[in-house]
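If you want the building blocks of each chain, they are given just below.
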Amino acid sequence: GAGVSQSPSNKVTEKGKDVELRCDPISGHTALYWYRQSLGQGLEFLIYFQGNSAPDKSGLPSDRFSAERTGGSVSTLTIQRTQQEDSAVYLCASSSSYPLPRGAFFGQGTRLTVV
Amino acid sequence: AQKITQTQPGMFVQEKEAVTLDCTYDTSDPSYGLFWYKQPSSGEMIFLIYQGSYDQQNATEGRYSLNFQKARKSANLVISASQLGDSAMYFCAMREGRGGGFKTIFGAGTRLFVKA
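These numbers come from a predicted model, not from an experiment.

Draft legend 1. View of the packing of aromatic side chains. This structure, assessed with the given rule, holds 15 aromatic pairs over all chains. Taking the centre distance of 5.1 Å and the plane angle of 50° together, the rings of Tyr25 of chain B and Tyr32 of chain B count as tilted. Overall, Tyr32 of chain B belongs to the buried group, its relative accessible area being 6%. Aromatic rings pair up to connect Tyr33, Tyr35, Phe45, Tyr48 and Phe106 of chain A together with Phe35, Tyr37, Phe47, Tyr50, Phe91 and Phe106 of chain B into one cluster. Looking at Arg63 of chain B, its charged tip hangs above the ring of Tyr64 of chain B, at a distance of 5.7 Å from the centre.

Below, the structure written as structure tokens:
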């Protein structure tokens, strides 16, 4: 597609349930990022994938959070045993260094609400 | 340790005037990139401008310019001739390392209000 696509756009889940958030980056972009944004707050880095390298997971807040990127393209962020504090907008972005470092392109985000 | 600092949680500017949004950063990597993004109330993140650590000149993109002071580790965004549509959250971000894909971290943001 032309841009970064995230699904679902909204997700309401019960506390304790697992959720999967999907990100489809721009074709050819080797870097993929996941961020979390709580209401009125800045972006909190979660995880970063670059090509075939091991991902940088330093931002994942707990072992309930995990992410994978299959075939260097689509990525899934999984949150197990969701808690109310997990409620936020989860943003995915992708980037490429060529032809110019134009910054990352962001998806519209998935708004997660844990009730 | 906080690597990107935006000290202005909110700013007001009169329409058609210029405004400067502050950003300071901290890194020991000689190769890094600095970005500014705009996030309107719709929630989308819009890339505005990029400055590389080795760039000799300040970056400009239309009404946006980046006042890059390397020794002070500051990368302030200047918006000239503010428009009502500029009202939004603005985030400063830094990418360390070479290439386009290294980890990028964001500041807490500055909310800009443009008054008619």
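Still more to cover.
Draft legend 2. Region of interest: the sheet that holds strand E6 (residues 65-69) of chain A. All names here are of chain A. Reading across from one edge, E1-E3-E7-E6 is the order of the 4 strands in this open sheet, with antiparallel pairing throughout. What marks the edges here is a single partner per strand, and that holds for strand E1 (5-7) and E6. Going across the sheet, the axis of each strand differs from the next one's by a mean of 15°, ignoring polarity. Pairing geometry for E1 and strand E3 (residues 19-24), over 3 bridges, is antiparallel. The residue bridging Ser5 from the neighbouring strand is Asp24, located in E3.

Draft legend 3. Structural detail: the pairing of strand E5 (residues 32-39) of chain B. Residue and element names in this part refer to chain B. Most of E5 is tucked away: 8 of the 8 residues are buried. With burial as the criterion, each face of E5 is covered, one bearing Tyr32, Leu34, Trp36 and Lys38 and the other bearing Gly33, Phe35, Tyr37 and Gln39. Pairing of E5 with strand E6 (residues 46-52), which is carried by 6 bridges, proceeds in the antiparallel orientation. Paired with Leu34 across the two strands is Gln51, which belongs to E6.

Each value, and the rule that gives it
Residues numbered from 1 in each chain as written. Chains lettered and ligands numbered in written order. Predicted model: local features only at pLDDT ≥ 70, side-chain atom pairs only at ≥ 80, totals over all residues. Heavy atoms only, no water. Phe/Tyr/Trp six-rings, centres within 6.5 Å; stacked < 30°, edge-to-face > 60°. Buried < 20%, exposed > 50% of the residue type's maximum accessible area, 1.4 Å probe, protein only. Lys NZ or Arg CZ within 6 Å of the ring centre and 35° of its normal. Pairing = 2+ DSSP bridges. Helix = DSSP H or I, 4+ residues; strand = E, 2+ residues; numbered from the N terminus. Axes fitted to C-alpha atoms, helices over the stretch in contact; angles between N-to-C directions.

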